[in-house]
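# Structural characterization, general
Letter by letter, the chains look like this.
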Amino acid sequence: MSDAPLQVRDLKKTFGGIVAVDGASFEVEAGSLTGLIGPNGAGKSTTFNCITGAHTPDSGTVVFQGEDITGRRPDQIANRGLVRTFQIARELEEMTVLENLMLAPKGQLGEQLWRSVTPIARGEVIEQEAELRERVWETLDFFEIDHIAHDEAGTLSGGQRKLLEMARAMMTDPDLLLLDEPLAGVNPTLEEKLLDRIHELRGQGYTFLLVEHDMDVIMDNCEHVIVMHQGSVLAEGEPEVVQSDDRVIEAYLGEIDV
Amino acid sequence: MSADGSNDPDADAPGPDAEGPSADGPADLAAYLRAEVAATDFRIVVATMLAVYALFAVFTLLAGGGLNTLGSTWVRLTFLFAAYAILSLALNLHWGYTGLFNIGVAGFMGVGVYTMAVLSTPPDAISGMGLGLPLPVGIVGGMLAAALVGLVAAVPALRLRADYLAIVTLGLSEIIRLTLNSATLSGWTIATFGFGTGGGSGIDLPARPTDALLDTVVGTALVDVLDPTITASVLRRSLWVLVMIGFVIGIYVLLARVGNSPFGRVLKAIREDELVAQSLGKDTRWFKIKVFMLGCALMGLGGILWQGSQGYVSPDSFRPIVTFYVFVAVIIGGSGSNTGSLVGSILFVGLLFEGPRTFGNIVSNAVSLPSAPGTFAGAVAPLASLDVTPLLSYLVGNISAFRFILLGVVLILIIQKRPDGVLGHRTETAAAIDLDRPAANGGGNDE
């Protein structure tokens, strides 16, 4: 129970008078592919933002690998191995796909200003850059976006951007990946490809928490599903169990009625 | 931006004749030359510079100037090229690379120049006072002071959104200028040491170190040889200009290294989307503070080499218009490109800043125009009777003021037609190495 890498307890976040997340609690097991679903406005994205540091929760705790990371800065959380992607792909438009990927890895010596400009230290920087380049090209091949390596990210299609974003997140060598609607706006062929990659990476030991709007995708791919409704967790469990839960059906059907 | 981008393809083609595939015919010579020049950044800069030199040679000779006048013109041009080049490179680091909208360039220049002056001006100077320390101490001190003022501005402002940084820096720049102008600090002394800024009447500056070279044996011999054609004062100024060019090259290399490195990659990412950079584990606060301080130090250095090399400086040299000029140079060259900053500085100084004035002088020398009418109405009214001379003499007489109209028109055209600057869209890859697939990797798919 307590050895789950990500533990969210009683998370609460309000914007003005609107309660976006209202006491959500759940855990993500190591090596799992966990899905987080819920109707529009259920608080999924806000929960995500609170976990990754983009928002500071009003109360509640987020524990990652035994460490309390509640309210830490996004970069501190990312450096601990909890890395996210964005619902609307936020590629760095005027940087090439290669630059986007080269940006991501942790512990780059050349991110220190003095090392980048002083003659001898720059030699080490160049060495490290060459090693990173190898990894970048492997990742490009893995996600099959090597043919657009030199293109600026702003010129890519929606689906390619999603691939790029996931490739970039993988370059940080994360322990747990939070994917915010990675399949939104992606055509069926690319969707298949993205899901393949997720399953393959999961096989290699990565843990995923997937936010999705599309019920079918979650039910078909995740082994553990968390359903959020009105800011808190409504139901949790295996897809088949959750799917037949009356409250879940009501929450979804209720949305359709409105 | 994307709407502007659609204009770009038409603007990109230098001319329909440049499309010819074969390089044999004389018709393709222009295209061939263009391709050759565009091959390296160094050639682009040198070619632009030579073109502006040639233009001014024509101007000077038309106006009946001799070799000394021409030399003097070229030296003055190069002096301004170098001054604007340093400042636009520094601004490009802030604005072009990192997206930090710093509109306080003049203030940081002022801090650099005045700190240098207080440190290095001899204590017995006529106006203002100094400690008389060696010049290198003054220069380094000036850069450090500019960087520290940058830090003071950056720490609170960088936490805010970009537009607030702009307001803070503009305000700071004016605060600095007004402080330097104040009478309270004009004759400030501690014990026997004077730290006076000279207030509105300005402060004397240390002599240019290169001037002493002409007093050596070799120097005096050189002056004697050249004297009839090139005067000693032109020679003295040209020596200093050489020093400035050395600094421009040094700063260009430094900033190219900053840009082409993992550090520069993070800067670019901050410009594009700071939350993404943070979500990838980059502590963007430190990157912004470091780059802001570095840029401010370079602005201080630019101020020292430019305003600080003229024997005397007053707070009037650091009005916000200077910041505006530097922005124009960066915009013309295309923000985000170091080479663009150099080309932009050359074009700005040559065509917009010095060009109109020189051209006006030639016209007024060549054509004997009647004295200019006092008002615009007086200049335009005779057009009804098809008499253009009053308008012409009005234009020539007020050409310094009309420069601003020209500046505005050029800015609008550039932003509309070539938002990426005269060099077009450039990609200066932010990496310390070539990012192509390494050949040894055995991939060989499409590379």
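Figured I'd write up the structure that's included with this text. (Residues numbered from 1 in each chain as written. Chains lettered and ligands numbered in written order. Predicted model: local features only at pLDDT ≥ 70, side-chain atom pairs only at ≥ 80, totals over all residues. Heavy atoms only, no water.)

## With respect to the overall build of chain A
For the record, the criterion: The way it works is that DSSP assigns letters per residue, a run of H or I at least four long becomes a helix, a run of E at least two long becomes a strand, and they are numbered from the N terminus. Every radius of gyration here is taken over C-alpha atoms, with the globule rule written as 2.2 Å times N^0.38, N being the number of residues. Classification of residues uses two cut-offs on accessible area relative to the type maximum, computed with a 1.4 Å probe and protein chains only: under 20% is buried, over 50% is exposed, and between them is partly exposed. Working rule for contacts: check all heavy atoms of both residues, and any pair within 4.5 Å makes them a contact. Every accessible area reported is derived by Shrake-Rupley at a probe size of 1.4 Å, with residue values counting cover from the shown protein chains alone.
The secondary structure content of chain A amounts to ten helices and ten strands. A globule of 258 residues ought to have a C-alpha radius of gyration of about 18 Å, and chain A, at 19 Å, matches this closely. When the backbone C-alpha atoms are referred to their principal axes, chain A occupies close to 65 × 40 × 35 Å. Counting every position in chain A, which comprises 258 residues, the buried fraction comes to 54%. Here the analysis covers contacts within chain A between residues at least 6 apart in sequence; of these, 66% occur between residues at least 24 apart. For chain A, the exposed area adds up to about 10600 Å²; of that, 48% sits on carbon and sulfur atoms.

## Concerning the overall build of chain B
What chain B contains, in helices and strands, is 18 helices and four strands. Among the 447 residues that make up chain B, the fraction classed as buried is 49%. Of the contacts formed within chain B by residues at least 6 apart in sequence, a portion of 73% connects residues at least 24 apart. Per element, the accessible surface of chain B, about 20000 Å² overall, is 68% carbon and sulfur.

## Some points on helix α5 (residues 119-142) of chain A
To be explicit about the condition: One less than the residue count of a helix, multiplied by 1.5 Å, gives the span that helix is expected to have.
Compared with an ideal rise of 1.5 Å per residue, which puts 24 residues at 34 Å, α5 of chain A spans 35 Å between its outermost C-alpha atoms and is within 8% of the ideal. Within the span of α5 of chain A, buried status applies to A121, R122, V125, Q128, E129, L132, R133, V136, W137, T139 and L140 of chain A. Buried residues in α5 of chain A make contact with α3 (97-103), α4 (113-117) and α6 (158-171) of chain A together with α10 (232-259) and α11 (262-272) of chain B. Just downstream of α5 of chain A lies E144 of chain A, where phi reads positive at about 55°.

## Thoughts on helix α14 (residues 320-333) of chain B
All names here are of chain B. End to end, α14 covers 20 Å across 14 residues, agreeing with the expected 20 Å (1.5 Å per residue, within 8%). Taken across its 14 residues, α14 has eleven buried, putting it largely inside the fold. For α14, every residue scored as buried is listed here: V322, T323, Y325, V326, F327, V328, A329, V330, I331, I332 and G333. Considering only its buried residues, α14 is in contact with α5 (67-97), α6 (105-120), α13 (284-306), α15 (338-366) and α18 (399-417). Of the residues trailing α14, G334 is marked for its positive phi of about 100°.

## Re the packing of α10 of chain B against α15 of chain B
In a packed pair of helices, the relevant descriptors are the angle between the two axes and the axis-to-axis distance. Residue and element names in this part refer to chain B. What counts is decided by this rule: Comment: axis = line fitted to C-alpha atoms, over the contacting stretch for helices; angle = value between 0 and 180 degrees taken between N-to-C directions. Any angle between 65 and 115 degrees counts as roughly perpendicular, while under 35 counts as roughly parallel, over 145 as roughly antiparallel, and the rest as oblique.
Contact geometry for α10 and α15: axes closest at 10 Å, N-to-C directions at 150°. Judged by the inter-axis angle, α10 sits roughly antiparallel to α15. From α10, V248, Y252, L255 and A256 reach across to α15, where they touch N338, T339 and L342.

## Remarks on the sheet that holds strand β4 (residues 59-64) of chain A
All names here are of chain A. Worth spelling out the cut-off: Strands were regarded as paired on the criterion that DSSP finds at least two bridges between them.
Ordered in space as β2-β1-β4-β5, the four strands form an open sheet in which the pairing is antiparallel. The sheet is open, and its two edges are formed by β2 (18-28) and β5 (67-68), each paired on a single side. In this sheet, β4 lies alongside strand β1 (residues 6-15) in antiparallel orientation, the contact comprising five bridges. The residue bridging L6 from the neighbouring strand is F64, located in β4. Contacts from helix α1 (residues 44-52) reach β1, β2 and β4 within the one sheet, and its direction differs from that of β1 by about 115°.

## Points about the pattern of salt bridges
All names here are of chain A. Test applied: Basic side-chain nitrogens of Lys or Arg form a salt bridge, by our definition, when they fall within 4 Å of a carboxyl oxygen of Asp or Glu.
Under the definition given, this model contains 27 salt bridges over all chains. Salt-bridge contacts for E144 lead to R197; the nearest nitrogen and oxygen are separated by 2.6 Å. Taken together, the residues span a long stretch of sequence, with E144 in the loop between α5 and α6 and R197 in helix α7 (residues 188-203) at a distance of 53 residues. Exposure remark for E144: the relative accessible area of 37% places this residue in the partly exposed category. On the accessibility criterion, R197 (9% relative accessible area) is buried. R168 is paired through a salt bridge with E165; the nearest N and O atoms lie 3.9 Å apart. Residue R168 and its partner E165 are located together in helix α6, separated by three residues, close to a single helical turn.

## Points about the nonpolar core
Applied cut-off: Note on terminology: a nonpolar core comprises buried Ala, Val, Leu, Ile, Met, Phe, Trp, Tyr and Cys residues joined through side-chain atoms within 4.5 Å.
By size, the foremost hydrophobic cluster in this structure holds 155 residues, and its most contacted members are L140 of chain A together with Y84, W306 and F348 of chain B. Among the elements that line this core, the one with the most residues is α5 of chain B, at 15 residues. Grouped together as the second largest cluster of nonpolar side chains are 24 residues, L6, V21, L36 and V211 of chain A included.

## Considering the side chain of E27 of chain A
All names here are of chain A. Put simply, the test is: N or O atoms closer than or at 3.5 Å make up a polar contact, with two conditions inside protein: a donor-capable atom paired with an acceptor-capable one, and, for residues adjacent in sequence, both atoms drawn from side chains.
As for its placement among the helices and strands, E27 is situated in strand β2. Judged by its relative accessible area of 11%, E27 is buried. Here R9 takes part through its side chain, which lies 2.8 Å from a polar atom of the side chain of E27.

## Here's the deal with the sheet that holds strand β7 (residues 176-180) of chain A
Residues and elements named next belong to chain A. Spatially, the six strands line up as an open sheet ordered β6-β7-β8-β3-β9-β10, and their pairing is mixed. Taken across any chain shown, the strands that pair with only one partner, and hence form the sheet edges, are β6 (82-84) and β10 (232-237). Between one strand axis and the next, the sheet turns by 20° as a mean value, whatever way the strands run. Note: β7 against strand β8 (residues 207-211), five bridges, orientation parallel. Each bridged residue has a counterpart across the sheet, and for L176 the counterpart in β8 is T207. Contacts between α1 and the sheet are confined to β3 (33-37), β6, β7, β8 and β9 (224-229), with β7 contributing the most and set at about 145° to the helix. Running over the sheet, α7 touches β3, β7 and β8 and is turned about 150° from β8.

## With respect to the interface of chain A and chain B
Put simply, the rule reads: Computed with a 1.4 Å rolling probe, the buried area is the accessible surface lost when two parts are put together, summed over both parts. Following the grouping adopted for this structure description, the nonpolar residues are Ala, Val, Leu, Ile, Met, Phe, Trp, Tyr, Cys and Pro, the charged ones are Asp, Glu, Lys and Arg, and the polar ones are all others, Gly among them.
Contacts between chain A and chain B engage 45 residues on the former and 43 residues on the latter. Surface buried jointly by chain A and chain B totals about 4000 Å² across both partners, of which 59% is contributed by carbon and sulfur atoms. Summed over the three residues of chain A that lose the most area to chain B, namely E111, L113 and R133 of chain A, the buried surface amounts to 15% of that side. Remark: the boundary between chain A and chain B carries seven salt bridges. Here E129 of chain A ties to R265 of chain B by a salt bridge, and the two come within 2.8 Å at their closest N and O atoms. For the pair chain A and chain B, the number of links is 26 residue pairs in polar contact (both at pLDDT 80 or more). Mapped by element, the contributors of at least two residues to the side of chain A that touches chain B are α2 (74-79), β6, α3, α4 and α5 of chain A. Residue contributions to the side of chain A that touches chain B peak at eleven residues, all from α5 of chain A. Of the residues contributing to the side of chain A that touches chain B, the split by class is 20 nonpolar, nine polar and 16 charged.

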